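Descriptive analysis of the structure
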Amino acid sequence: MKTAAVSKERLNNHINQLGEIGKTSDHGVQRLALSNEDKEARYIVTEWMKNAGLTVSHDHFGNLIGRKEGSDPSLPPVMIGSHIDSVRNGGKFDGTIGVLAGIEIVKSITDAHIIHKHPIEVVAFCEEEGSRFNDGLFGSRGMVGKITQQDLKKVDDHNQSRYEALKTFGFGINPDQMEDSIRTIGEIKHYFELHIEQGPYLEKSGHAIGIVDGIAGPVWSTVKLTGEAGHAGTVPMELRKDPLVGAAEVILAVENLCKGDSDAPTVGTVGRISAFPGGNNIIPESVEFSLDIRDIDVERRSRVIQRIEKKIQEVSRSRNLEYKIEKYVDALPVQCSHHLVQSLKQSCRNLGIDAPLMVSGAGHDAMLLAEITEVAMVFVRCRHGISHSPKEWADIEDIIIGTEVLYETVLQHI
Ligand SMILES: [Zn+2]
């Protein structure tokens, strides 16, 4: 393999040093957005950015931005980004490798005195995980102009609003001036993001990295089935209107319908269910469960959802239940830029790396940036597909392969 100029040792050190900030007793990381740990992380990342030749600032959404000017100041920047906030007791790779790889790429470009026309920006987006204000992708939604006053009113566990947290965080962040930080179409040339896969595909297929060609969009609904409560000992089986048994039938159908096309990446999950009133000896009166359906193809996703809804109708009819389906998120899948995918593939060929095309089942900042620019993502293999856990792990050998591919690719576009 041809080696690029990026330094494995330096990148590894940065990942480990950042992993010390907010380290938990079981070696996880807890760095909630706009917390003291987040502040400490920003100080150290700022130092690394400056050392790489980037000029550092914050926008009014709390995004940390490093910028290196190109030779033509009239051109839009090529952006590399991800996030440095974490979930509660998460891992040290999710998000951070994207930001630190970006800094490493710029450091290599600076040290090699490579002349580039376009500016380069490295961004750590604010609150991607949504673990503090229960509402993720904040900084990237802000950058593309999708944040409302409602989003600023969200409060954390201590009843502090996001507005207050931003206003008092420092770094010149002022949520009253958010409008000034919105970017529009044409203002960013391309957006690149390196991220751990958070799934088992690369490990299973034996690849260090994969090229993402699409990010699945989720549809989130709440389903409520209502029947009739009764005594578990006295109501005969044939006279029951038991919504929990109905829910069981529906949940099995969700699995079957999502598995229907074995070539499709459709996934469906019921992750939460509750029965009311919820007693050992009571036939439930009603049952509520969540439904999370994702796919990269919006028409196939709609077909699956229609079939699930039809099943809910059938089950309700045959069991004498009432049903209500409430859809509260309906996000469009995102296609990564065809020509950036080709460009990543070419870099892989140049470096002798075999990287499959794959779909991202999880949402990322790239999904939002796609609203205003062409985006591309590289996934890095992670152990057993585990993330959002102290057990999260990616080998530095794999991370450096992803960083080198990105380095080669970014050089083609600046
Ligand atoms: Zn992430």
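None of the values given here were measured: they were computed from a predicted structure.

Considerations on the nonpolar core
With 77 residues, the main nonpolar core has Val 45, Ile 103, Ile 209, Leu 369, Ile 399 and Leu 406 as its most contacted residues. Not counting residues within four places of it along the chain, the set of residues in contact with Val 45 comprises Leu 18, Leu 64, Ile 84, Val 99 and Ile 103.

Topic: the domain arrangement of the protein
Domains assigned within the protein are domain 1 (8–216 + 333–413) and domain 2 (217–330). Here domain 1 and domain 2 have C-alpha centroids that lie 36 Å from each other. Taken together, the ten residues of domain 1 in the interface contact nine residues of domain 2. Summing the contributions of domain 1 and of domain 2, the shared interface buries around 560 Å²; its carbon and sulfur component is 68%.

Details of the coordination of the zinc ion
Of the protein atoms, only His 83 (NE2), Asp 94 (OD) and His 195 (NE2) coordinate the zinc ion, at distances of 2.0 to 2.2 Å. For the zinc ion, the single-chain donor residues occur in sequence as H-x10-D-x100-H. Placement of the pair is Asp 94 in the loop between strand S3 (78–83) and helix H3 (96–111) and His 195 in strand S5 (residues 190–196), with a sequence separation of 101 residues. With a relative accessible area of 0%, His 195 lands in the buried category.

Digging into the environment of Glu 203
Along the chain, the position of Glu 203 falls in helix H7 (residues 201–205). Using a relative accessible area of 31% as the deciding quantity, one classes Glu 203 as partly exposed. Linking Glu 203 and Arg 381, residues 178 residues apart in sequence, is a C-alpha distance of 5.9 Å.

With respect to the packing of helix H1 (residues 8–20) against helix H2 (residues 36–51)
Contact geometry for H1 and H2: axes closest at 10 Å, N-to-C directions at 160 degrees. Overall, the two elements H1 and H2 adopt an arrangement that is roughly antiparallel. Like other packed secondary-structure pairs, H1 and H2 cross with a definite hand, here right-handed. Only Ala 41, Ile 44, Val 45 and Trp 48 of H2 make contact with H1, whose side of the interface consists of His 14, Gln 17 and Leu 18. Its residues assigned to classes, the contact of H1 with H2 comprises five nonpolar, two polar and no charged.

Describing the pattern of salt bridges
Scanning the model with the defined rule gives 25 salt bridges in all. Residue Arg 301 pairs with Asp 330 through a salt bridge whose shortest N-O separation is 3.0 Å. Placement of Arg 301 in helix H9 (residues 298–319) and of Asp 330 in strand S13 (residues 322–330) is noted, with a sequence separation of 29 residues between them. One connected set of salt bridges, linked through shared partners, spans Glu 127, Asp 135, Arg 141, Asp 151, Lys 154 and Arg 162.

A look at the pairing of S3
For S3, the tally of buried residues reaches six of six residues, placing the bulk of the element in the interior. Across the two faces of S3 the burial is the same, with Val 78, Ile 80 and Ser 82 and Met 79, Gly 81 and His 83 all buried. The sheet contact formed by S3 and strand S4 (residues 120–125) spans six bridges and is parallel. Counted as the bridge partner of Met 79 is Glu 121 from S4. Once the chain exits S3 it traverses H3 before rejoining the sheet at S4, and the crossover so formed is right-handed. Direction of pairing for S3 relative to S5: parallel, over a ladder of three bridges. Directly across from Met 79, in S5, lies its bridge partner Tyr 191.

Overview of the packing of H1 against helix H12 (residues 396–413)
One way to put it is that H1 packs onto H12 with a least axis distance of 10 Å and a crossing angle of 115 degrees. Judged by the inter-axis angle, H1 sits roughly perpendicular to H12. The handedness of the crossing between H1 and H12 is right-handed. Every residue of H12 that contacts H1 at Lys 8, Leu 11, Asn 12 and Ile 15 is listed here: Ile 396, Glu 397, Ile 399, Ile 400 and Thr 403.

Describing the environment of Lys 68
Looking at the secondary structure, you find Lys 68 in strand S2 (residues 64–68). Each C-alpha atom of the pair Lys 68 and His 116 lies 9.8 Å from the other, and the pair is 48 residues apart in sequence. Setting aside anything within four residues of it in sequence, one finds Lys 68 in contact with Gly 53, Leu 54, Val 106, Ile 109, Thr 110, His 116, Pro 119 and Ile 120. One polar contact links Lys 68 to His 116, side chain to side chain, over a distance of 2.9 Å.

Quick look at helix H8 (residues 243–259)
If you check H8, its first and last C-alpha atoms are 24 Å apart, about what 17 residues at 1.5 Å a residue would give, namely 24 Å. Buried within H8 we find Pro 243, Gly 246, Ala 247, Val 250, Ala 253, Val 254 and Cys 258. Down the axis of H8, the buried side of the element spans an arc of 120 degrees, and every buried residue falls inside it. For H8, the exposed residues lying more than 90 degrees away from the buried face are Leu 252 and Lys 259. On its buried side, H8 packs onto strand S7 (217–226), strand S9 (267–269), strand S10 (273–276), strand S12 (286–295) and H9.

Rules behind the numbers
Residues numbered from 1 in each chain as written. Predicted model: local features only at pLDDT ≥ 70, side-chain atom pairs only at ≥ 80, totals over all residues. Heavy atoms only, no water. Core = buried A, V, L, I, M, F, W, Y, C linked by side-chain atoms within 4.5 Å. Buried < 20%, exposed > 50% of the residue type's maximum accessible area, 1.4 Å probe, protein only. Contact = heavy atoms within 4.5 Å. Domains from an automatic or database assignment. Buried area = accessible area lost by both parts, 1.4 Å probe. Donors = N, O, S within 2.8 Å, 3.2 Å for Na, K, Ca; no water. Helix = DSSP H or I, 4+ residues; strand = E, 2+ residues; numbered from the N terminus. Axes fitted to C-alpha atoms, helices over the stretch in contact; angles between N-to-C directions. Parallel < 35°, antiparallel > 145°, perpendicular 65-115°, else oblique. Left-handed = near helix turned anticlockwise from the far one by under 90°. Nonpolar A, V, L, I, M, F, W, Y, C, P; charged D, E, K, R; others polar. Salt bridge = Lys/Arg side-chain N within 4 Å of Asp/Glu carboxyl O. Pairing = 2+ DSSP bridges. Right-handed = clockwise from strand over helix to strand, strands pointing away. Polar contact = N/O pair within 3.5 Å; in protein donor to acceptor, adjacent residues only side chain to side chain. Expected span 1.5 Å × (residues − 1). Arc of directions from axis to C-beta.

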